[in-house]
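Structural overview for review
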Amino acid sequence: MSYDLLRKGLEAPICLTWEVTYECNLRCAHCLSASDHARPGELTTEEAKALIDQWAEMKVFYINVGGGEPLTRPDFFELMDYSLDNGIGVKFSTNGTLVDDAAADWIASRNYLDVQISLDGATAETNDPVRGTGSYKRARRAMERLAERGFKFKINSVLTKQNFHQLDDLYDLATGYGAELRLTRLRPSGAA
Amino acid sequence: MPVNIEQSYEVPPKVSVRNERFGGLVYRYDNRALLFLHSRPLVDFLKGLDGSKPLGTALEEFAAGRGLDDGQRRAMENALGQLEGKGIIREL
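Everything numeric here is computed off the predicted structure, so don't read it as measured data.

1. Brief notes about the packing of aromatic side chains
Geometry of an aromatic ring pair is reported as the spacing of the ring centres plus the angle between the planes. On inspection of all chains with the given rule, the structure shows twelve aromatic pairs over all chains. With a centroid separation of 5.1 Å and an interplanar angle of 85°, the aromatic rings of tryptophan 18 of chain A and tryptophan 55 of chain A are classed as edge-to-face. With a gap of 37 residues between them, tryptophan 18 of chain A in strand S1 (residues 15–19) and tryptophan 55 of chain A in helix H2 (residues 45–58) connect regions that are remote in the sequence. Like tryptophan 55 of chain A, tryptophan 18 of chain A is buried. One aromatic cluster in this structure is built from Phe61, Tyr62 and Tyr112 of chain A together with Tyr27 and Tyr29 of chain B. Against the face of tyrosine 22 of chain A rests arginine 39 of chain A, its NZ or CZ located 3.8 Å from the ring centre. Across from the ring centre of tyrosine 62 of chain A, 4.4 Å away, lies the NZ or CZ of arginine 32 of chain B, which sits over that ring.

2. Focus: the packing of H2 of chain A against helix H3 (residues 76–85) of chain A
All names here are of chain A. The N-to-C vectors of H2 and H3 enclose an angle of 20°; their axes lie 10 Å apart at closest approach. Judged by the angle between their axes, H2 and H3 are roughly parallel. Every pair of crossing elements has a handedness; the one defined by H2 and H3 is right-handed. Mapping the contact onto sequence places Thr45, Ala48, Lys49, Ile52 and Asp53 in H2 and Glu78, Leu79, Tyr82 and Ser83 in H3. Residues of the contact of H2 with H3, tallied by class, amount to four nonpolar, two polar and three charged.

Each value, and the rule that gives it
Residues numbered from 1 in each chain as written. Chains lettered and ligands numbered in written order. Predicted model: local features only at pLDDT ≥ 70, side-chain atom pairs only at ≥ 80, totals over all residues. Heavy atoms only, no water. Phe/Tyr/Trp six-rings, centres within 6.5 Å; stacked < 30°, edge-to-face > 60°. Helix = DSSP H or I, 4+ residues; strand = E, 2+ residues; numbered from the N terminus. Buried < 20%, exposed > 50% of the residue type's maximum accessible area, 1.4 Å probe, protein only. Lys NZ or Arg CZ within 6 Å of the ring centre and 35° of its normal. Axes fitted to C-alpha atoms, helices over the stretch in contact; angles between N-to-C directions. Parallel < 35°, antiparallel > 145°, perpendicular 65-115°, else oblique. Left-handed = near helix turned anticlockwise from the far one by under 90°. Contact = heavy atoms within 4.5 Å. Nonpolar A, V, L, I, M, F, W, Y, C, P; charged D, E, K, R; others polar.

Written as structure tokens, this is what we have:
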């Protein structure tokens, strides 16, 4: 009987994917959401919190937060804390460029927070043509900051012809930080 | 592992429980484990489990309130033992 009930679906989602802004400081060639600048009508802090309230009431267990670059939102930490305080776990994706010491402190001090940093090559020569000049160095700096604080993050790489030969190096790079390497397929959407 | 009915148990803060038509879902934030519970009484019991009394007492009171027979109560006790193994409940 309960199988029939299961087929009717769940009362609420288990998790949600939330693109908190289209604003981004990089212009990656394969960007899934073709992000560049914030669009008119993006949620205000209060509107975003009202949504989180609804998800908490539905008992959504966690949210996958992306964008755009989520850290470009000035209220990003406020919104994520609001979510965590309301019993919703947070997993967010970042390009790492804005993970300064203060951001790293915040990340390392929160429970039930997962962070993945995007890197599309084991060297700047492979990564930067896709993600932009200087993006490799800045992502590595973010990784160092998190690793220094003992935070276990994930590295997300979109597998391409350009970086395929560096798979082993990417894996070594990740394990060097105690990080997990997550490989994603290229999705032909957005700017890709 | 059987539960210790002399001891109080709680659902730790890292665990969330919610109702579903088929029973309920349990989620552990720390390791992202998701469990499907196909028993509404078990879900209701977990949601009321606050560590205020020994587990055996809590189970007996719950069974009496719901009109569960001994077999059903024992089945819940066994299920709780499995949930303890998965970190969904813990002894205080």
